[in-house]
Amino acid sequence: QGTRDNPPAHTALRDRLLAAVVTCFKRHGAAAIDTPVLELRETLMGKYGEQAKLIYELQDQGGELLALRYDLTVPFARYLAMNKITNIKRYHIAKVYRRDNPATTRGRYREFYQCDFDIAGQFDPMIPDAECLKIVHEILSDLQLGDFLIKVNDRRILNGVFAVCGIPESKFISTCSTIDKLDKMPWEEVRSEMVGEKGLSPEAADRIGEYVQLHGGLDLIERLLQDPKLSQNKLAKEGLGDMKLLFEYLTLFGIAGKISFDLSLARGLDYYTGVIYEAVLLQQENDHVEEPVSVGSVAGGGRYDGLVGMFDPKGRKVPCVGVSIGIERIFSILEERMKASGEKVRTTETQVLVATPHKHLLAARLKLISELWDAGIKAEMLYKKDPKLLKQLQYCEDTGIPLAAIVGEQELTDGVVKLRDVTTREEVRM
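What you are looking at is a predicted structure, and each value in this text was computed from that prediction instead of being measured.

We now examine the overall build of the chain. If you tally the helices and strands in the chain, you get 15 helices and 17 strands. Each principal axis of the C-alpha distribution contributes one length, and for the chain these read about 90 × 65 × 40 Å. Looking at the chain as a whole, 50% of its 430 residues are labelled buried. Summed over its atoms, the accessible surface of the chain is roughly 21,600 Å², and 51% of this surface lies on carbon and sulfur atoms. Within the chain, one finds 57 positive and 63 negative side-chain charges whose respective centroids are separated by 4 Å.

Here the domain parsing of the chain yields domain 1 (8-341) and domain 2 (352-429). Distance between the C-alpha centres of domain 1 and domain 2: 51 Å.

To continue, consider the UniProt feature "binding site: L-histidine" (unreviewed entry) in the chain. Residues annotated by UniProt as "binding site: L-histidine" (unreviewed entry) correspond here to Asp71, Leu72, Thr73, Arg98, Gln114, Asp118, Arg267, Tyr271 and Tyr272. Note on placement: Arg98 falls in the loop between β5 (88-97) and β6 (111-120). Within the structure, Arg98 has its side chain in polar contact with the backbone oxygen of Tyr70 (distance 3.0 Å). Along the chain, the position of Tyr272 falls in the loop between β9 (259-262) and β10 (275-283). According to the relative accessible area criterion, Tyr272 is buried, its value standing at 8%.

Tallied over the full model, the rule gives 30 salt bridges. The closest approach of N and O atoms between Arg90 and Asp116, which form a salt bridge, is 3.9 Å. On the criterion of sequence distance, the pair formed by Arg90 in strand β5 and Asp116 in strand β6 is long-range, its members being 26 residues apart. Here Arg90 falls in the buried class, since its relative accessible area comes to 0%. Between Glu349 and Lys378 there is a salt bridge, with the nearest N and O atoms lying 2.6 Å from each other. Taken as a pair, Glu349 in the loop between α12 (327-341) and β13 (352-355) and Lys378 in the loop between α13 (362-374) and β14 (379-380) lie far apart in primary sequence, 29 residues in all. Residue Glu349 is classed as exposed on the basis of its relative accessible area of 57%. Owing to a relative accessible area of 41%, Lys378 belongs among the partly exposed residues under this scheme.

To describe two helices that pack against each other, one gives the angle between their axes and the distance between the axes. In the contact formed by helix α9 (residues 218-225) and helix α10 (residues 234-252), the axes pass within 10 Å of each other and the chain directions differ by 155°. Classed by the angle they form, the pair α9 and α10 counts as roughly antiparallel. Between α9 and α10 lies a crossing whose hand is left-handed. When α9 is examined against α10, the residues Leu218, Ile221, Glu222, Leu224 and Leu225 are found in contact with a partner set consisting of Lys237, Leu240, Gly241, Met243, Lys244 and Phe247. Broken down by class, the residue content of the contact of α9 with α10 amounts to seven nonpolar, one polar and three charged.

A few words on the packing of aromatic side chains. Evaluation of the coordinates by the stated rule reveals seven aromatic pairs. Ring centres of Phe25 and Phe117 lie 5.6 Å apart, and the angle between their planes is 35°; on these two criteria the pair is classed as tilted. One end of the pair, Phe25, is in helix α1 (residues 8-27); the other, Phe117, is in strand β6, and 92 residues separate them in sequence. Take Phe25: its relative accessible area is 0%, and that puts it in the buried class. Taking relative accessible area as the criterion, Phe117 reaches 0% and is therefore assigned buried. An aromatic cluster is present here, built from Tyr48, Tyr70, Tyr271, Tyr272 and Tyr304 joined pairwise through their rings. Taking NZ or CZ as reference, Arg90 lies 4.0 Å from the ring centre of Phe76, over its face. Arg98 extends its terminal NZ or CZ atom over the ring of Tyr70, reaching a point 3.9 Å from the ring centre.

So, on to unusual backbone geometry. With the exception of glycine, the majority of residues adopt a negative phi angle, and the majority of peptide bonds are in the trans configuration. At Lys84, a residue that is not glycine, the phi angle is positive and equals roughly 50°. Summarising the element assignment, Lys84 is placed in the loop between α3 (73-82) and β5.

Our next topic: the sheet that holds strand β2 (residues 38-40). On the basis of which strands lie adjacent, the open sheet formed by three strands has the order β2-β4-β3 and antiparallel pairing. One side of each edge strand has no neighbouring strand; the edge strands of this open sheet are β2 and β3 (57-61). Averaged over all pairs of adjacent strands, the angle between their axes in this sheet comes to 35°, without regard to strand direction. Here β2 pairs with strand β4 (residues 64-68) via three bridges, running antiparallel. Among the inter-strand pairings, Leu38 is bridged to a residue of β4, identified as Leu68.

Considering the arrangement of structural elements, one finds Pro8 in helix α1. On the basis of relative accessible area, Pro8 is assigned to the exposed category, the value being 54%. When the C-alpha atoms of Pro8 and Thr347 are compared, they prove to be 5.4 Å apart, with 339 residues separating the residues in sequence.

Reading the values: the criteria
Residues numbered from 1 in each chain as written. Predicted model: local features only at pLDDT ≥ 70, side-chain atom pairs only at ≥ 80, totals over all residues. Heavy atoms only, no water. Helix = DSSP H or I, 4+ residues; strand = E, 2+ residues; numbered from the N terminus. Buried < 20%, exposed > 50% of the residue type's maximum accessible area, 1.4 Å probe, protein only. Areas by Shrake-Rupley, 256 points an atom, 1.4 Å probe, with all protein chains shown as cover. Lys, Arg positive; Asp, Glu negative; His and termini not counted. Charge placed at Lys NZ, Arg CZ, Asp CG, Glu CD. Domains from an automatic or database assignment. UniProt positions renumbered as here; feature names shortened; annotations may be inferred. Polar contact = N/O pair within 3.5 Å; in protein donor to acceptor, adjacent residues only side chain to side chain. Salt bridge = Lys/Arg side-chain N within 4 Å of Asp/Glu carboxyl O. Axes fitted to C-alpha atoms, helices over the stretch in contact; angles between N-to-C directions. Parallel < 35°, antiparallel > 145°, perpendicular 65-115°, else oblique. Left-handed = near helix turned anticlockwise from the far one by under 90°. Contact = heavy atoms within 4.5 Å. Nonpolar A, V, L, I, M, F, W, Y, C, P; charged D, E, K, R; others polar. Phe/Tyr/Trp six-rings, centres within 6.5 Å; stacked < 30°, edge-to-face > 60°. Lys NZ or Arg CZ within 6 Å of the ring centre and 35° of its normal. Pairing = 2+ DSSP bridges.

Have a look at this one:
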């Protein structure tokens, strides 16, 4: 099926991760919005390029052709256009659906969560774009996933490269989706797909190859600005100018060391119009390897200035930039690490178990637990009339409940409760 049942430990881990992500989004002043799981089929079609074949379509539902949402970006653009909103900073965490070939070990599912942050509105160049990259940096640092790298590029630079390499404009988008496979395939395979399937000439493919294998920082941007061919292309010049500005802002944010300007980054979706980015986790295979190895993309996004206009009857555009955190892939990585270390995940937030040491004290437990619940304290008890004390304390140990509130006959007579620290076994009467 390519979907998964989430046992309590996985769900608890996911909730912990999502809470950290939401905290970051709120810190940046984003408001939460929600959109329906079902969209009209026509809303989604024509927005995703070759990946549209992965959309789950629902045939005629009472005269309407519907589909399950493929991502959270297109529904957001539709929402902005319908409500005539021209300025918003939002976050949205929800499930999306893709009829993909699942690879559950790598966190690739058909139903999965996306965590999106977007800034919509007419602003000065690269300021909101830099903030999106800062958010990726904050989240990946907060989650302590290890070393990571954020690759950035610009669709205008790519389109400029295609133009100077002699690619017809009608083939820009399909060439982009082929370039996007460079992180999974060697250049030779990408080149043969360009020539064999996309119909590019071998000379044009070789010229593209000279550019898309470049990566670096400000020095590379400066070099390309001096490139005799690219500097003559209006789109590429605009993109490189903005990229230089972006790196200045990222330097001010103190994160430029984790950013790489990478011309192989293409992002396969049709709707991107400017800056695009993707974050990858890096791992050292062993001490003798100098180049860290990528273990897959965990965040991605970019600028999509034309998408809202597609849904507006008058074609009014609202510039947008956003990022999506690949939380499922992060779950998979953390789950594997926790399995390897033998660490247990607490599946509940229970603070105290109400326990009794003798028989016929169910009434005392029910009264005490009710008081605790009414006071907002997270409490549990065993659903047996006369459970053995050892069994109750064992339950605390198994589930990680830190405290047991014990009421026996003596405690009832004295009007106290014995509070026991499950780990240290220290007891206080209160």
